[in-house]
Protein chains: 2
Amino acid sequence: MSDFKPLDPLLHSQLRLAIMSLLLSVKSAEFTFIKEKTEATAGNLSVQLDKLSKAGYIEIEKSFRDKKPLTTCKITKKGITAFESYVNALKDYLN
Amino acid sequence: MSDFKPLDPLLHSQLRLAIMSLLLSVKSAEFTFIKEKTEATAGNLSVQLDKLSKAGYIEIEKSFRDKKPLTTCKITKKGITAFESYVNALKDYLN
DNA sequence: TAATTTAGTTTATAATATAAACATGTTTAT
DNA sequence: ATAAACATGTTTATATTATAAACTAAATTA
């Protein structure tokens, strides 16, 4: 688009954008925390985290705590850059 | 979402957002003009204009000029309000 | 008059988002 | 000890959405 820069489809999604927004403001976040904050279903969240991870926008670490699985997420440099580009591109549309 | 207001799905779409953005800045716009500015295909544009029209976000007037069909679009008050709400909700996500 | 262009619409397909169903193990109640 | 309920996710099926290809209809040009 001439007047409108393309919007990274990976970020132009309500849930994934919320995830990235959250992760920008913390060092790392647990699956259940993100689930609560975004009010997403576990299934949906799992899928979207996987997509962000496969794109290299976040890092996912799986471990155990109190014998229970624990999924921890962290935004990457690539993710931060992508987010910034997205916000910048979005400006074309907001005025 | 608690921390994140929902984003109007009708506006959270690259092409429809570009259309609305364009229409905000002009009194009215012709189909071909919007097509050029957004670099959308005619079919896609036709579908998306129809959706915006059905939602009452824009008004579409069909006439003829030089014996050829002429489709003219105009944003409505409802559309302006919806756009403003969308931008406002989006702020939750951008920081 | 046949091919091309203009201005779109309709329909088929591809991509995406989402939730329902499932898996695996843990804790609690009986 | 065993069953029921809970925790933490993943996988898969479905619904929604976006998009382009195919089509229509009239006008213009060769």
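This text follows the structure it describes.
Values in this document were obtained by computation on a predicted structure and should not be read as measured data.

Cut-offs used in this document
- Residues numbered from 1 in each chain as written.
- Chains lettered and ligands numbered in written order.
- Predicted model: local features only at pLDDT ≥ 70, side-chain atom pairs only at ≥ 80, totals over all residues.
- Heavy atoms only, no water.
- Least-squares fit on C-alpha atoms with pLDDT ≥ 70 in both.
- Contact = heavy atoms within 4.5 Å.
- Pairing = 2+ DSSP bridges.
- Helix = DSSP H or I, 4+ residues; strand = E, 2+ residues; numbered from the N terminus.
- Axes fitted to C-alpha atoms, helices over the stretch in contact; angles between N-to-C directions.
- Near = heavy atom within 4 Å.
- Polar contact = N/O pair within 3.5 Å; in protein donor to acceptor, adjacent residues only side chain to side chain.
- Nonpolar A, V, L, I, M, F, W, Y, C, P; charged D, E, K, R; others polar.
- Salt bridge = Lys/Arg side-chain N within 4 Å of Asp/Glu carboxyl O.
- Buried < 20%, exposed > 50% of the residue type's maximum accessible area, 1.4 Å probe, protein only.

Trainee: Give me the relation of the copies chain A and chain B: which residues, what numbers.
Mentor: At an RMSD of 0.0 Å, chain A and chain B line up after a rotation of 180 degrees and a shift of 0.0 Å along the axis. Interpreted geometrically, this transformation is the action of a two-fold axis. When each C-alpha of chain A is compared by its distance to the rotation axis, A:H12 comes out closest, at 3.9 Å. The residues that chain A uses at the interface reappear at the interface of chain B in 100% of cases, marking a shared surface.

Trainee: Outline the pairing of strand β3 (residues 68-75) of chain A, listing residues and values.
Mentor: All names here are of chain A. Both strand β1 (residues 29-30) and β3 contribute to a ladder of two bridges, which runs antiparallel. Residue A29 lies in a different strand from β3, and its bridge partner there is C73. Of the pairings in the sheet, the one linking strand β2 (residues 58-65) to β3 comprises eight bridges and is antiparallel in character. Of the residues in β3, the one forming a bridge with R65 is K68. Where β2 hands over to β3, the hairpin turn is made up of two residues, of which D66 adopts a positive phi near 55 degrees.

Trainee: I'd like to hear about the sheet that holds strand β2 (residues 58-65) of chain B, residue by residue, with values.
Mentor: Residue and element names in this part refer to chain B. Taken together, three strands build an open sheet; the order of strands is β1-β3-β2 and the sheet is antiparallel. A strand with exactly one partner marks an edge of an open sheet, and here the two such strands are β1 (29-30) and β2. Strand contacts of helix α1 (residues 14-24): β1, β2 and β3 (68-75), with the helix running at about 80 degrees to β3, the strand carrying the most contacts. Contacts from helix α3 (residues 42-54) reach β2 and β3, with the element oriented near 125 degrees to β2.

Trainee: I'd like a description of the protein's contact with DNA strand D, backed by residues and values.
Mentor: As a structural note, the neighbourhood of DNA strand D is formed by 20 residues, with A:S46, A:K62, A:T71, B:R16 and B:Q48 the closest of them. Sugar plus phosphate: this is where 62% of the atoms of DNA strand D within 4 Å of the protein reside. With respect to DNA strand D, the side chain of B:R16 contributes an N or O atom lying 2.5 Å from a phosphate oxygen. Breaking the surface near DNA strand D down by element, the ones donating at least two residues are α2 (31-38), α3 (42-54) and β3 of chain A together with α3 of chain B. Here the residues of the surface near DNA strand D sort into six nonpolar, nine polar and five charged.

Trainee: Break down the protein's contact with DNA strand C for me, citing the residues and quoting the values.
Mentor: Around DNA strand C, a shell composed of 21 residues is seen, among which A:R16, A:Q48, B:S46, B:K62 and B:T71 lie nearest. When atoms of DNA strand C within 4 Å of the protein are sorted by moiety, sugar and phosphate together comprise 62%. Within the contact set of DNA strand C, a phosphate oxygen lies 2.5 Å away from a side-chain nitrogen or oxygen of A:R16. Elements that contribute at least two residues to the surface near DNA strand C include exactly α3 of chain A together with α2 (31-38), α3 and β3 of chain B. A per-element tally of the surface near DNA strand C places α3(A) first, with five residues. Taken together, the residues that form the surface near DNA strand C break down as six nonpolar, nine polar and six charged.

Trainee: Tell me about the pattern of salt bridges, and please be specific about residues and values.
Mentor: Residue and element names in this part refer to chain A. Within this structure, the stated rule accounts for eight salt bridges over all chains. The closest approach of N and O atoms between K5 and D92, which form a salt bridge, is 3.2 Å. Residue K5 is found in the segment before α1 (14-24), and its partner D92 is found in helix α4 (residues 77-94); the two are separated by 87 residues along the sequence. Residue classification places K5 among the partly exposed residues on the basis of a relative accessible area of 38%. Between E30 and R65 there is a salt bridge, with the nearest N and O atoms lying 2.9 Å from each other. Here R65 lies in strand β2 and E30 lies in strand β1, a separation of 35 residues in the sequence.

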